[in-house]
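Structure assessment
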Amino acid sequence: MKVCFLNDSFPPVIDGVVNVLLNYADYMRRDFGAEVIVGTPEYPGADYSAYDYPVVAYPSFDTADVTNGYRAGNPFSGKEVAKLAAFQPDIIHSHCPASATIIARLLREQTGAPIIFTYHTKYDIDIRRYVKVKSVADETIHAMVSNIEACDEIWVVSRGAGESLKSLGFQGDYRVMNNGVDFAKGRVSEKAVAEAVKGYDLPEGVPVFLYVGRLITYKGLPLILDALKMLDEKGRDFRMVFVGKGPDREMLEARAAELGLSDKCIFTGPVYDRDTLRAWNTRADLFLFPSTFDTNGLVVREAAACGLASVLIRDSCAAEGITDGRNGFIIDETPEAMAALLEGACGDLPHLREVGQHAMDEIYLSWETCVGAAYERYGEVLEAKARGEFAMRRKDATDYLVSLTAFGMQGAEQLRQIGEHEAEQFKQRRLQDLERLRGISEDWANDMRLYKAGMMDNYFDTDSDIVRPLAALSEKMKESYAASKMRRDELAAAARKFYDEHAAAVRQHYEESVEATRERYKDLGF
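Below you will find a few notes about this structure. Along each chain, the written sequence defines residue order, and numbers are assigned to residues from 1. Two thresholds apply to this predicted model, a pLDDT of at least 70 for residue-level local features and 80 or more for giving and counting side-chain atom pairs, whereas whole-chain, interface and lining totals are computed over all residues. Each side-chain value is derived from all of the structure's non-hydrogen atoms; neither hydrogens nor water enter the calculation.

Description of helix α6 (residues 134-149)
Think of an α-helix as 3.6 residues a turn; residues three or four steps apart then line up on the same face. By the criteria applied, helices consist of DSSP H or I runs no shorter than four residues and strands consist of E runs no shorter than two, each listed in order from the N terminus. Given the number of residues in a helix, its expected span is that number minus one, multiplied by 1.5 Å. The first and last C-alpha atoms of α6 sit 22 Å apart over 16 residues, in line with the 22 Å expected at 1.5 Å per residue. Among the residues of α6, those classed as buried are Ala137, Ile141, Met144, Val145, Ser146, Asn147 and Ile148. The criterion used for residue contact is that any of the two residues' heavy atoms lie within 4.5 Å. Summarising the contacts, the buried residues of α6 are in contact with α4 (99-111), β7 (115-119), α5 (123-130), β8 (153-156) and α7 (159-167). Note on exposure labels: buried denotes an accessible area under 20% of the residue type's maximum, exposed denotes more than 50%, and partly exposed covers the range between, all computed with a 1.4 Å probe on protein chains only.

Structural data, given as structure tokens:
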């Protein structure tokens, strides 16, 4: 099976969705022998040669200032779309509703492969955060939802994610497909923990609370700080470790200082080494994740892999599958509720370990399991396509626009390839002709040297034995000149013929493209 993965981010950018895509690509190849190709916006200086599968980077422009480090891709780059189409995928799997899904729709027009889209995160919150004009934000969200609805099958990472998508106006069906974690199940050694956390103030016997992720307020981080302030006022000692980076780090550090918690709150910055992250999850006593933004919360399952229980908000997506007090803790979304739970946790650390073990046994999901389920569903999607089920999908105006755009891009790319091919052919013929002329010139020069040498050595002695060969040489030079002139005439005629044939072919292809476009517009009712 050939699978084309599309996403609007890829290393050097690292985020949760990138992690999903990398694991899909690796396990699809390793466990099922699938052929994989990835399409993503180009990032300056990025080197994709180290991957065991092709990565097609299409042109992008810098939007880092307004999107926290991400770039926006140009989905209408004909050359790169043609490379992806030449792969002839069986499945197109998009992980972002922006340029990635536009390219997916263009590829579907050119290859006929069905599109699966996975809804990973609540894009509307980020859009409203960075787009301050409400009407523009509304239109952007509407466009993304329309893009999602144009796909053949929609996957969500939790039931709550699906309902969140529907709240944005999505009218189709969805299928819950879980993401896994790449942490091995089990705690790491005490030696590995000591090495990972050395240099930090973590006294033995003092509870350690952990958060891993983006440092941004809508993840519920101010709630953590307010709860810790209440805990501190009750005389409880603890350490709170924030691992990650984000646009609100400075504000959160300032807030911790304002609350008098600087000596108990540790901001490590981002940690990219997976073994070091496992060590932090092993060292902590409780994972705090009061986010109602996340649609899945992979970090909760990563914590579970290390036997670490999580504190989650009631009815949040991350709380799906959690039984309060058994494999995790569920609270109301208030600082008071979290403070009360943390106070009880500080007095019963053995119970936290017990709940953490249940989390490891009950909510841990490996990537092998999740990608296996995805590959099986790919096969079912292809069977549905063979039965013609996707052909019955209701089309809207954007489908016809995408179809027309794909047709135009395909034609333009074909013309570009024809032009490159003809240019290369002409270049090769030109080089061959120049090589022949060089040979003729060298023969002529050699003949002249022989002729001059003969005259100098023999002073035109008519009785000399050299004069007679020189006369024959003169005749040879005349023949060479005549052959050279004939070849020049042949080259000129060939050049005229090539120009006439090439111009006629280009003119005919252009006229056919124009006529096909007219017919397409007629079909669309223009």
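Read on, since the account is not over.
Quick word on the packing of helix α9 (residues 221-233) against helix α13 (residues 335-346)
Note on definitions: angles span 0 to 180 degrees between N-to-C directions of axes, and those axes are lines fitted to C-alpha atoms, for helices only across the stretch in contact. For the pair α9 and α13, the least separation of the axes is 8 Å and the interaxial angle reads 55°. Our classification of the angle between α9 and α13 gives oblique. Considering only the axes of α9 and α13, their crossing is right-handed. Contacts between α9 and α13 involve Leu223, Ile224, Asp226, Ala227, Leu228, Met230 and Leu231 from the former and Pro335, Glu336, Met338, Ala339, Leu342, Glu343 and Cys346 from the latter. A per-class count over the contact of α9 with α13 returns 11 nonpolar, no polar and 3 charged. Should an angle lie under 35 degrees it is considered roughly parallel, over 145 roughly antiparallel, and from 65 to 115 roughly perpendicular; all remaining angles are considered oblique. Each crossing gets its handedness from the near helix: less than a right angle anticlockwise from the far helix is left-handed, clockwise is right-handed. Only Asp, Glu, Lys and Arg are considered charged in this grouping, and only Ala, Val, Leu, Ile, Met, Phe, Trp, Tyr, Cys and Pro are considered nonpolar; every other residue, Gly among them, is considered polar.

Some remarks on the packing of aromatic side chains
Each aromatic pair joins two rings of Phe, Tyr and Trp (for Trp, the six-membered one) with centres within 6.5 Å, and gets the label stacked for planes under 30 degrees apart, edge-to-face for over 60, and tilted for any other angle. For the structure shown, the criterion picks out 15 aromatic pairs. Taking 4.3 Å as the distance between ring centres and 10° as the angle between the ring planes, the aromatic pair formed by Phe32 and Tyr375 counts as stacked. Linking Phe32 in helix α1 (residues 16-32) with Tyr375 in helix α15 (residues 367-386), this pair joins segments that are 343 residues apart in sequence. Given the relative accessible area of 33%, Phe32 is considered partly exposed. Consider the rings of Phe242 and Phe267, whose centres lie 4.8 Å apart with planes at 10°: the pair is stacked. Here the residue Phe242 occupies a position in strand β11 (residues 239-243), and Phe267 occupies one in strand β12 (residues 265-269), the gap between them amounting to 25 residues.

A look at the side chain of Asp294
On the secondary structure map, Asp294 appears in the loop between β13 (286-289) and α12 (298-305). When its relative accessible area of 12% is taken as the criterion, Asp294 is described as buried. Each polar contact in these results corresponds to two N or O atoms within 3.5 Å; when the atoms are within protein, one needs to be able to donate a hydrogen and the other to accept it, and residues that are neighboring in sequence are counted only if both atoms are side-chain atoms. Here Lys219 takes part through its side chain, which lies 2.8 Å from a polar atom of the side chain of Asp294. Within the structure, the side chain of Asp294 is placed 2.6 Å from the side chain of Ser291, a separation counted as a polar contact. Leaving out residues up to four positions away in the same chain, Asp294 has contacts with Lys219, Phe289, Cys317 and Ala318.

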